[in-house]
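# A closer look at the structure
Given next are the chains, with one letter for each unit.
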Amino acid sequence: MARRDDPTPSNNEHATGPTPPPEPQPPEHDRVPAAPPREDHREHPHEDTPTAPAERGAEDPRDDAPATTAEREAEGSQDGTHAAARERGTEDPHGNTVTAPTSLDGRGGGKGRRRRWGPMAGMVVLLAVVMTGSALAVGAARDGRGAAGHAAGAPEPLVGGSRGAGVASLQAHLRAQPKDHGGWAALGLAYVEEARTKGDPARYPQAEKALARSLELAPGNEQALAGRAALAAARHDFAGALAHADRALKQNPYSERALCSRIDALVELGRYDEASEAADTADARRPGVPVFTRYAYVRELRGDVTAARRVLEQALASATARGDIAYVATQLGQLAWNQGEYKEALGHYARALAADDGYLPALEGRARARAASGDRADAVRDLEDAVSRYPLPGPLVELGELYEARAATGDRAKAENQYALVDAWIALARAGGVNADLDTALAAADHGDTGAALRAARAEWARRHTVHTADALAWALYRNGRAQEALPHARQATATGYRNAAFLYHRGMIERATGHDDDARAHLTAALRLNPGFSPLGARAARTALKSLEAAR
């Protein structure tokens with residue numbers, strides 16, 4: 001696995017920020033989101049989900065066309081999702097409209113417990129309903145976006161509107177122009193976006209068929225190839241995403257969507273040197289918010305927080321769409337929270353929510369910062385609000401841990417309910433073709449079947465070597481009583497300089513179990529110094545372990 005241990009930023013990180021583009025933006029369905037897929041699965045890392053046109057015949061994109069039960073199931077309609085639950089401007093040489101913001105170097109544009117499934121049956125059904133556009137009856141559910149950051153290349157948030165409206169517009173266009181391959185590609189990408197942002201993997205088959213229709217109409221067209229890269233990334237098939245992105249770039253080296261998907265795939269495959277080079281290339285060819293946010297994440301993974309913050313600030317300065325402002329401000333909040341800067345984080349989340357008060361990653365981030373600041377009551381309310389809209393694994397686990405930490409009457413049962421919903425989400429994700437092994441490993445290691453966590457972590461490690469898969473495997477091994485085997489992976493997870501308190505905590509606990517007391521003391525202290533509120537339960541365990549180590553001196 002390629003790693004870059006030298007966090008020194010490249011020369012193009014020292015530029016002044018980009019200026020807002022004076023030319024009009026490209027058409028809405030041809031734009032790229034700010035959000036790259038993030039492996040921490042907190043956003044894990046957005047409205048109504050119409051049925052798939054390609055399911056009813058390639059020439060009929062209508063929502064109201066008759067459909068058989070089998071077609072509804074393939075589309076991820078309510079019946080189908082329940083079935084899954086039951087089963088478990090200038091122009092470049094290729095004609096692209098380029099808005100020409102300044103690039104980053106200043107250039108112009110160019111042990112487990114069994115789930116109590118009987119009592120949870122109703123909650124699993126509710127989860128399935130949520131994933132088809134309804135809402136859990138927990139708190140006041142409102143329409144909103146969530147989970148930004150999981151699918152590369154999907155359309156960016158619609159300014160002042162909803163994605164449902166965007167899909168409806170594309171469907172209306174395709175009713176009038178059924179042979180428009182670009183329209184089918186855009187519709188496929190819109191379905192990818194709806195699937196990832198709502199946590200609804202049953203939508204991916206819709207995207208797959210719309211993109212296939214586009215390629216049927218125009219074989220090899222780069223829009224559909226880039227769309228397939230986005231779809232593969234959303235399903236966590238990062239090798240496939242890279243292959244599709246490379247094919248698209250052969251057709252059009254200036255495709256912003258394909259350039260961004262290529263960065264995402266390389267990052268998620270742990271090929272960080274190549275990802276850094278790909279980010280430089282994308283910055284040279286198509287500078288803008290989508291490239292800047294990916295560039296920042298590559299730097300963050302190498303431990304260069306200063307460069308990551310500077311680039312995100314550039315991205316925020318150049319963002320004009322409310323969706324972009326919400327996303328970039330949220331990423332700045334997450335970066336600050338990772339460093340234990342909770343007041344600053346709360347300021348960024350406030351800006352994100354001012355741009356979009358329904359942006360769930362910002363709501364989730366604000367909850368984490370509030371909990372770390374000691375405001376547990378408001379943190380619980382924020383997370384209850386978030387999971388009432390879309391119950392994704394990250395916020396479900398966080399809410400469960402807050403219940404456990406609060407330990408009021410009934411909180412243990414509430415926590416168990418959140419963890420059981422994670423299991424249900426994973427089952428639905430797998431039914432929709434998503435590789436959910438990393439989600440399984442992360443959730444089950446602490447809150448489920450540790451044996452299943454280890455199997456999932458090994459499977460994911462076999463596919464890709466990243467800091468996140470190394471950490472997940474290390475912790476799953478430790479939780480299964482195999483600390484000696486876990487230690488090399490824990491060291492690998494922290495080798496790039498990535499500043500993550502949970503990784504440091506995991507390494508410290510593993511070192512303590514293997515008799516490396518001095519190292520354990522150093523890493524547990526570092527975790528709490530970096531981000532003392534990194535986890536309601538993990539931070540408490542770290543403090544307890546440190547006290548034990550000190551007493552044993």
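Refer to the structure above for everything that follows.
Report follows, based on the coordinates. Nothing here was measured: the structure is a model prediction, and the numbers come from that model.

This paragraph deals with the packing of helix α15 (residues 360-372) against helix α16 (residues 376-389). Across the interface, α15 lies against α16 with an axial gap of 8 Å and an inter-helix angle of 155°. Classified by the angle their axes make, α15 and α16 are roughly antiparallel. In the packing of α15 onto α16, the handedness of the crossing is left-handed. Here L360, L363, E364, R366, A367, R370 and A371 of α15 come into contact with α16, specifically with R376, D378, A379, D382, L383, D385, A386 and R389. For the contact of α15 with α16, the per-class residue count stands at seven nonpolar, no polar and eight charged.

This paragraph deals with the packing of aromatic side chains. This structure, assessed with the given rule, holds four aromatic pairs. A ring pair is formed by Y498 and F503, whose centres lie 5.7 Å apart and whose planes are at 75°; its orientation type is edge-to-face. On the accessibility criterion, Y498 (7% relative accessible area) is buried. Taking relative accessible area as the criterion, F503 reaches 5% and is therefore assigned buried. Ring pairing ties together the aromatic residues W475, Y478, Y505 and F534, which thus form one cluster. Over the face of the ring belonging to W337 we find R368, whose NZ or CZ atom lies 5.2 Å from the ring centre.

Residues V267, Y505, L524 and F534 are the most contacted members of the largest nonpolar core, which totals 134 residues. It is helix α13 (residues 322-338) that contributes the most residues to this core, nine residues altogether. Once residues within four sequence positions are removed from consideration, L524 is found in contact with Y505, G508, M509, A542, A545, L546 and L549.

It is worth spelling out the pattern of salt bridges at this point. Applying the stated criterion across every chain yields a total of 29 salt bridges. A salt bridge links R368 to E398, with the nearest nitrogen and oxygen atoms 3.5 Å apart. With a gap of 30 residues between them, R368 in helix α15 and E398 in helix α17 (residues 393-406) connect regions that are remote in the sequence. Across the pair, E398 and R368 agree in class, each one buried. We note a salt bridge from D437 to R463, for which the minimum N-O separation is 2.3 Å.

If you check helix α8 (residues 238-251), its first and last C-alpha atoms are 20 Å apart, about what 14 residues at 1.5 Å a residue would give, namely 20 Å. Buried within α8 are the following residues: F238, G240, A241, L242, H244, A245, A248 and L249. Check the buried side of α8 and you find it contacts α7 (222-234) and α9 (256-268). The residue sitting at the N-terminus of α8 and contributing the capping side-chain oxygen is D237; that oxygen lies 3.0 Å from the backbone nitrogen of G240.

This part takes up the environment of A476. Inspection of the secondary structure puts A476 in helix α21 (residues 467-479). Residue classification places A476 among the buried residues on the basis of a relative accessible area of 0%. For the pair A476 and T450, spaced 26 residues apart in the sequence, the C-alpha separation amounts to 6.7 Å. Ignoring anything within four residues of it in the chain, the contact list for A476 reads A453, L454 and A457.

With that settled, consider the side chain of Q339. For Q339, the location among the structural elements is in the loop between α13 and α14 (342-355). By relative accessible area, which is 11% here, Q339 ends up buried. Within the structure, the side chain of Q339 is placed 3.2 Å from the backbone oxygen of L335, a separation counted as a polar contact. Among the polar contacts listed, one links the side chain of Q339 to the side chain of R499, at a separation of 2.6 Å. Leaving out residues up to four positions away in the same chain, Q339 has contacts with V305, R309, R499 and L530.

Another aspect to go through is helix α18 (residues 411-431). Look at α18: 31 Å from first C-alpha to last across 21 residues, which is about the 30 Å you get at 1.5 Å a residue. Burial analysis of α18 places 15 of its 21 residues in the buried class, which makes it a mostly covered element. G433 sits one or two residues past α18 and shows a positive phi near 85°.

Positive phi values are uncommon outside glycine, yet H236 reaches one of about 65°. Residue H236 is classed as buried on the basis of its relative accessible area, which comes to 11%. Phi is positive for A407, which is not a glycine, with a value near 60°. Locating A407 in the fold gives a position in the loop between α17 and α18.

Moving on, we get to the packing of α9 against helix α11 (residues 289-301). Where α9 meets α11, the axes come as close as 10 Å, and the angle between the chain directions of the two elements is 15°. The angle between α9 and α11 falls in the class roughly parallel. Classified by chirality, the crossing of α11 by α9 is left-handed. Across the interface between the two elements, E256, C260, I263, D264 and V267 from α9 touch P290, V291, R294, Y297, V298 and L301 from α11. The residue makeup of the contact of α9 with α11, split by class, is eight nonpolar, no polar and three charged.

Right, let's talk about the environment of I263 for a bit. Relative to the helices and strands, I263 resides in helix α9. Distance from I263 to A245, taken between C-alpha atoms, is 9.4 Å for residues 18 residues apart in sequence.

For the rest of this paragraph, the subject is the environment of A248. Structurally, A248 is set in helix α8. A248 sits in the buried class, given a relative accessible area of 0%. Residues A248 and L225, 23 residues apart in the sequence, show an inter-C-alpha distance of 5.3 Å. Excluding its chain neighbours within four sequence positions, the residues that come into contact with A248 are E222, L225, A226 and A258.

Analysis parameters
- Residues numbered from 1 in each chain as written.
- Predicted model: local features only at pLDDT ≥ 70, side-chain atom pairs only at ≥ 80, totals over all residues.
- Heavy atoms only, no water.
- Axes fitted to C-alpha atoms, helices over the stretch in contact; angles between N-to-C directions.
- Helix = DSSP H or I, 4+ residues; strand = E, 2+ residues; numbered from the N terminus.
- Parallel < 35°, antiparallel > 145°, perpendicular 65-115°, else oblique.
- Left-handed = near helix turned anticlockwise from the far one by under 90°.
- Contact = heavy atoms within 4.5 Å.
- Nonpolar A, V, L, I, M, F, W, Y, C, P; charged D, E, K, R; others polar.
- Phe/Tyr/Trp six-rings, centres within 6.5 Å; stacked < 30°, edge-to-face > 60°.
- Buried < 20%, exposed > 50% of the residue type's maximum accessible area, 1.4 Å probe, protein only.
- Lys NZ or Arg CZ within 6 Å of the ring centre and 35° of its normal.
- Core = buried A, V, L, I, M, F, W, Y, C linked by side-chain atoms within 4.5 Å.
- Salt bridge = Lys/Arg side-chain N within 4 Å of Asp/Glu carboxyl O.
- Expected span 1.5 Å × (residues − 1).
- Polar contact = N/O pair within 3.5 Å; in protein donor to acceptor, adjacent residues only side chain to side chain.

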